[in-house]
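Fold and geometry: a report
Chain by chain, the residues:
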Amino acid sequence: MTPYARRGVHGQTVEAMARRVLSGEVAEGDTLDLVALQAELGVSLTALRESLKVLAAKGMVDARQKRGTFVRARSDWNLLDPDVLRWQFAAGVASGPGTGLLRDLGEVRGIVEPAAARLAAERRDDADLDALSTALAAMEDARGSGPAEAVEADLAFHRALLAATHNELLQRMEIVIDAALAERDELVHSSEHPGDPVPIHRVVLDAVRAADADAAEAGMRALLAQALRDLDKATKERHA
């Protein structure tokens, strides 16, 4: 997924306003005092309005005559938008693996990815297997690298798995999977003793290569269970 550009005054203002809304600092239904915000953020009124247009496109704010610009109800927000997902993490909405956004994303992964692994085993072609193998090799190479390389390799594997389903709508679920994985992986791979993700990913790949749908689904369930344990351990380490 391609995140919203964070460079420059415009990008910084968009992110600052998004985090205020998503953290609840500015509550649903609140009307924004644009003049006060302009002075507080040190930007022009035009720059502030342009930034709010970005949030309006994501369903987070709206503007009406006589009422002004206000925060819409959370039920109107595009929560599956890649930027909105990223902003929620940046705002500190997800505090642990068992609560909030991480919990919700984990549940979505538990529904989507085992089924995707089953379909991938039934439908994969040589190009899919090459993409999965390349991603697994990158995961092996990332063992001695920093968290960024490990995160990207993991994302590449799961994207390739979704692509191997040859289902366009499932492939679009990478927006959610990427958000869940990126935040989880950054925490886990930055921990003192990150686990080795390669063996359990290899189990999934071997099952997909063998066209064994049952084994692919079971392997993915085991992978997700391990991912949750790793996340729980890393979260406890950080809080300690």
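Our subject is the structure listed above.
Here is a short report on the structure shown in this document.

How each quantity is defined
- Residues numbered from 1 in each chain as written.
- Predicted model: local features only at pLDDT ≥ 70, side-chain atom pairs only at ≥ 80, totals over all residues.
- Heavy atoms only, no water.
- Helix = DSSP H or I, 4+ residues; strand = E, 2+ residues; numbered from the N terminus.
- Buried < 20%, exposed > 50% of the residue type's maximum accessible area, 1.4 Å probe, protein only.
- Pairing = 2+ DSSP bridges.
- Salt bridge = Lys/Arg side-chain N within 4 Å of Asp/Glu carboxyl O.
- Polar contact = N/O pair within 3.5 Å; in protein donor to acceptor, adjacent residues only side chain to side chain.
- Contact = heavy atoms within 4.5 Å.
- Expected span 1.5 Å × (residues − 1).
- Arc of directions from axis to C-beta.

Points about the environment of alanine 225
Relative to the helices and strands, alanine 225 is located in helix α11 (residues 213-239). Residue alanine 225 is classed as partly exposed on the basis of its relative accessible area, which comes to 33%. C-alpha separation for the pair alanine 225 and glycine 106, spaced 119 residues apart in sequence, amounts to 9.8 Å.

A short note on the pairing of strand β1 (residues 61-64)
Inspection of the sheet shows β1 paired to strand β2 (residues 68-71) by four bridges, in the antiparallel sense. In the strand pairing of β2, valine 61 is matched with valine 71. Where β1 folds back onto β2 in an antiparallel hairpin, the turn is made up of three residues, including lysine 66, whose phi is positive at roughly 75°.

A short note on the pattern of salt bridges
Within this structure, the stated rule accounts for 17 salt bridges. The partner of aspartate 214 in a salt bridge is arginine 118, with the nearest N and O atoms 2.4 Å apart. With a gap of 96 residues between them, aspartate 214 in helix α11 and arginine 118 in helix α5 (residues 100-123) connect regions that are remote in the sequence. For aspartate 214, a relative accessible area of 53% puts it in the exposed group. Taking the relative accessible area as the measure of exposure, arginine 118 reaches 26% and is therefore partly exposed. Salt bridges here are not isolated pairs; linked through shared partners, they connect Glu15, Arg19, Lys58, Asp81, Asp83 and Arg86.

Some points on the side chain of glutamate 113
Within the secondary structure, glutamate 113 sits in helix α5. At 2.6 Å, the side chain of glutamate 113 and the side chain of histidine 158 are in polar contact. Excluding residues within four positions of it along the chain, glutamate 113 makes contact with His158, Leu161, Ile177, Met220 and Leu224.

Regarding helix α6 (residues 126-141)
For α6, which comprises 16 residues, the first-to-last C-alpha distance of 22 Å matches the rise-based estimate of 22 Å (1.5 Å per residue) to within 8%. Looking only at α6, the buried set comprises Asp128, Leu129, Leu132, Ala135, Leu136 and Met139. Considered in projection along α6, the buried side chains sweep an arc of 130° and stay on one side of the axis. Exposed and oriented more than 90 degrees from the buried face of α6 are Asp126, Ala127, Asp130, Thr134 and Asp141. On its buried face, α6 is in contact with α5, α7 (147-163) and α10 (198-209). Its side-chain oxygen placed 3.1 Å from the backbone nitrogen of alanine 127, aspartate 125 serves as the N-cap of α6.

Function cannot be inferred from these measures alone, as they are strictly geometric.
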